[in-house]
Amino acid sequence: MAACLLALAACQRPETTHSESLAEGELMRLPFPGWQADGKAHVQEVDLSALAGNKGKASNSKIRAAVTPIQVEKLDDTHAVLLTETQPGDEDALTCHACKATLGAYFFQHDEAGWRLTSRQDAVAEGGAYGQLGGVSITKLGNSHDAATVQWESCWQGYCGSWLALVGLQPDHATRLAKGIPLSVDSDGAHASCRALDDPKNADAEAKSNECLDIRSSWQFQGNRLIVAFEGRLSEFDSAGKLQPARKIAQQAVYEVKQDELTLVMGDNPVPGF
């Protein structure tokens, strides 16, 4: 019996505690030992309770879902972060318009044996549509801090928009700084009302009687500030339901990271909800 147990122990695979490099595939196997890039092995158990809307949902937030690495970034000489995308596990994400994806963050520290996992956050922020986050990138903020941005766009019944979420990155944890800043809106797919402003002679009555939402933007970081420049035009209904003349949009909104939150400190965001 003892000989059998020794033989079994010898055949067992030792637990992986370090990665020699910052390769995505190697780092993924530290929080998810059975993870593989292809096949069912990339479906893992994740805890999404951090994003649960209430305590009642938290107990059901551990699910099995597809987890995919997005980007690895060195935060300093001895610390690194791995960002992941987790897709909804209980619906067909490719056909579910309202299904958002989840951004995860996993933190590593380098020692004599290599890179080891020091902290994990399966759920930091949500975004996107059809189970995909959109564009994810990492940028430097002031005071040697880093931040991850998630930008996505989507359309509903002819109304299109885009949004930006921001996550602060420290050597051992991530903090959601902004849930979703509106960046753009375009209503022309619904009623062609913006085109009606450009060519009123050939526009029908419906197009002329509906609002025109047409705003674009560009953004950049300056230290710990996010500068968003908007341009376009708006023709909206007032509180009495009367369509107002189109007005030009050319303005900036300045957001600043304060106490783990992105706060509007100058200007305003002209993108209306829809």
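Residue numbering note: each chain is counted from 1, following its sequence as written. It should be noted that, the model being predicted, local features are given only for residues of pLDDT at least 70 and side-chain atom pairs only at 80 or more, the latter also being counted only at that level, while totals for whole chains, interfaces and linings use all residues. The side-chain figures draw on all heavy atoms in the structure; neither hydrogens nor water molecules are used.

1. A short note on the nonpolar core
We count it as follows: Among buried residues, the Ala, Val, Leu, Ile, Met, Phe, Trp, Tyr and Cys ones that are joined through side-chain atoms within 4.5 Å form a nonpolar core. Buried, partly exposed and exposed residues are distinguished by accessible area as a fraction of the type maximum, computed with a 1.4 Å probe on protein chains only: under 20%, between the cut-offs, and over 50%, respectively. Secondary structure is summarised from DSSP: a helix means a run of H or I of at least four residues, a strand means a run of E of at least two, and numbering begins at the N terminus for each.
Grouped together as the largest cluster of nonpolar side chains are 22 residues, with contacts concentrated most on L166, I215, L226, F230, Y255 and L262. Contributing elements (two or more residues each) for this core: strand 8 (159-169), strand 9 (174-186), strand 10 (212-222), strand 11 (225-235) and strand 12 (247-257). Among the elements that take part in this core, strand 9 stands out by supplying five residues, more than any other. Ranked by size, the runner-up nonpolar core spans 20 residues in total, among them L83, L103, V136 and A165.

2. Description of the side chain of D122
Spelled out, the test is: Throughout this description, a polar contact denotes any pair of N or O atoms lying within 3.5 Å of each other; where both atoms belong to protein, one of them has to be capable of donating a hydrogen while the other can accept it, and for residues adjacent in sequence the pair is counted only when both atoms sit in side chains. Any two residues having at least one pair of non-hydrogen atoms within 4.5 Å are treated as being in contact.
Its location among the elements puts D122 in strand 5 (residues 114-127). Here the side chain of D122 touches R120 through a polar contact of 3.0 Å, side chain to side chain. With near-sequence residues (within four places) excluded, D122 lies in contact with F32, V46, D47, L48, T102, L103, G104 and Y106.

3. Section: the sheet that holds strand 1 (residues 43-47)
Quick note on the threshold: Strand pairing is assigned whenever DSSP identifies at least 2 bridges connecting the two strands. Axis lines are fitted to C-alpha atoms, over the contacting stretch for helices. Their N-to-C directions set the angle, which ranges from 0 to 180 degrees.
Read from one edge of the open sheet, five strands run 1-2-3-4-5, paired in antiparallel fashion. Of all the strands in the sheet, just strand 1 and strand 5 have a single pairing partner and so form its edges. When the angles between neighbouring strand axes are averaged without regard to direction, this sheet yields 45°. Here strand 2 (residues 62-74) runs beside strand 3 (residues 79-86); their pairing, made up of seven bridges, is antiparallel. The residue of strand 3 that forms the bridge with P69 is T84.

4. Digging into the confidence of the model for the protein chain
To keep it simple, the criterion reads: pLDDT: the predictor's confidence for each residue, scored from 0 to 100.
Confidence along the protein chain averages 89 in pLDDT terms, with 88% of residues attaining 70 or more. For residues 4-12, every residue scores under 50 in pLDDT, and the model assigns this stretch zero contacts once sequence neighbours within four places are set aside. Every residue in residues 54-58 is under pLDDT 50, and counting partners more than four places away or in other chains gives three contacts.

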